[in-house]
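Coordinate inspection notes
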Amino acid sequence: MTIKTIFLDRDGVINKEVEYLFRISDFEFIEGVFEACLYFHHLDYKIIIISNQSGIARGYYNENDYQKLTKWMLSQFNNNGIKILDTFYCPHDPEENCECRKPKPGMFIEAKDKYSIGMKDSWMIGDKETDIEAANLAGINNTILVRSGHLIDESNSNSKFTIDSIKQSKELIKT
Ligand SMILES: [Zn+2]
């Protein structure tokens, strides 16, 4: 038995992109994110958040700052009736060449093994081409690039779909 999952990048997908975000006061949910997640639940998807957090290795914030923000964010989801199954993050600097930082698929593989996720039935929603690349490497073919975060190059993207924001994902994810 495997479970199907919607993987979400955090910054630019769930909340408005802010460079090296760690303050709760700087965290602003993107419009429609709760409605979209409730819809995913309705279709029996689990939701997992996967993000690069190199601000930790760079010393802009520490693990504790990250955990505090995450705890607050999860409580906001919870208040809206949404259960986030898990959150995975890479704290490393790009130069460390770790196995977890996207575009490498390490965090997706870890999640897959931990929860027996059926990757063919799962989706990735990201705002960077590295999100799409990591998902593809982990065996996720259903990928969505959103225009609500970083500037994207739509003509050079391997994403299956491109939409304005997570709000429109309902039009693509039907089963
Ligand atoms: Zn890493």
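Residues numbered from 1 in each chain as written. Predicted model: local features only at pLDDT ≥ 70, side-chain atom pairs only at ≥ 80, totals over all residues. Heavy atoms only, no water.

**Some thoughts on helix H4 (residues 129-137)**
The periodicity of an α-helix, 3.6 residues per turn, causes residues three or four positions apart to be oriented the same way. Put simply, the rule reads: For each residue, the accessible area found with a 1.4 Å probe, counting protein chains only, is set against the maximum for its type, and the residue is called buried under 20%, exposed over 50%, and partly exposed in between. We count a stretch as a helix when DSSP gives it H or I for four or more residues in a row; a strand needs E for two or more, and each element gets its number in order from the N terminus. Here, the arc refers to the directions that run from the helix axis to the C-beta atoms. Throughout, a residue-residue contact means that at least one pair of heavy atoms, one from each residue, lies within 4.5 Å.
Regarding H4, the residues found buried are Asp131, Ile132, Ala134 and Ala135. All buried residues of H4 project into a common sector of 165° when viewed along the axis, lining one side. Structurally, H4 contributes buried residues whose contacts are with helix H3 (106-115), strand S4 (123-126) and strand S5 (142-146). Backbone geometry just downstream of H4 places Gly139 in the positive-phi region, at approximately 95°.

**A few points about the coordination of the zinc ion**
Ideal values differ by geometry: the angle at a metal is 109.5 degrees with four tetrahedral donors, but 90 or 180 degrees with six octahedral donors. Applied cut-off: Metal-coordinating donors are taken as N, O and S atoms lying within 2.8 Å of the metal, or within 3.2 Å when the metal is Na, K or Ca; because water is left out, some sites can appear incomplete. Under the classification used here, a metal with four donors is tetrahedral if each angle lies between 85 and 135 degrees, square planar if opposite donors are over 155 degrees apart and the others between 65 and 115, a six-donor metal meeting that same test is octahedral, and anything else is irregular.
In the first shell of the zinc ion, the protein supplies Cys90 (SG), His92 (ND1), Cys98 (SG) and Cys100 (SG), at 2.0 to 2.2 Å from the metal. In this structure, the zinc ion is coordinated by four donor atoms arranged in tetrahedral fashion, with angles at the metal of 101 to 119°.

**As for the pattern of salt bridges**
Pairs can form between side chains of opposite charge whenever their charged atoms are close. Test applied: One side-chain nitrogen of Lys or Arg within 4 Å of one carboxyl oxygen of Asp or Glu is enough to make a salt bridge.
Counting across every chain of the model gives ten salt bridges. For Asp9, the salt bridge identified is with Lys102, shortest N-O distance 2.9 Å. With Asp9 in the loop between strand S1 (5-8) and helix H1 (33-42) and Lys102 in the loop between strand S3 (86-90) and H3, this residue pair connects regions lying 93 residues apart in the sequence. Lys102 matches Asp9 in its accessibility class, with the two residues each being buried. Between Glu99 and Lys104 there is a salt bridge, with its nearest N and O atoms 3.4 Å apart. By relative accessible area, which is 25% here, Lys104 ends up partly exposed. What emerges from the salt-bridge pattern is a single network uniting Asp9, Lys102 and Asp131.

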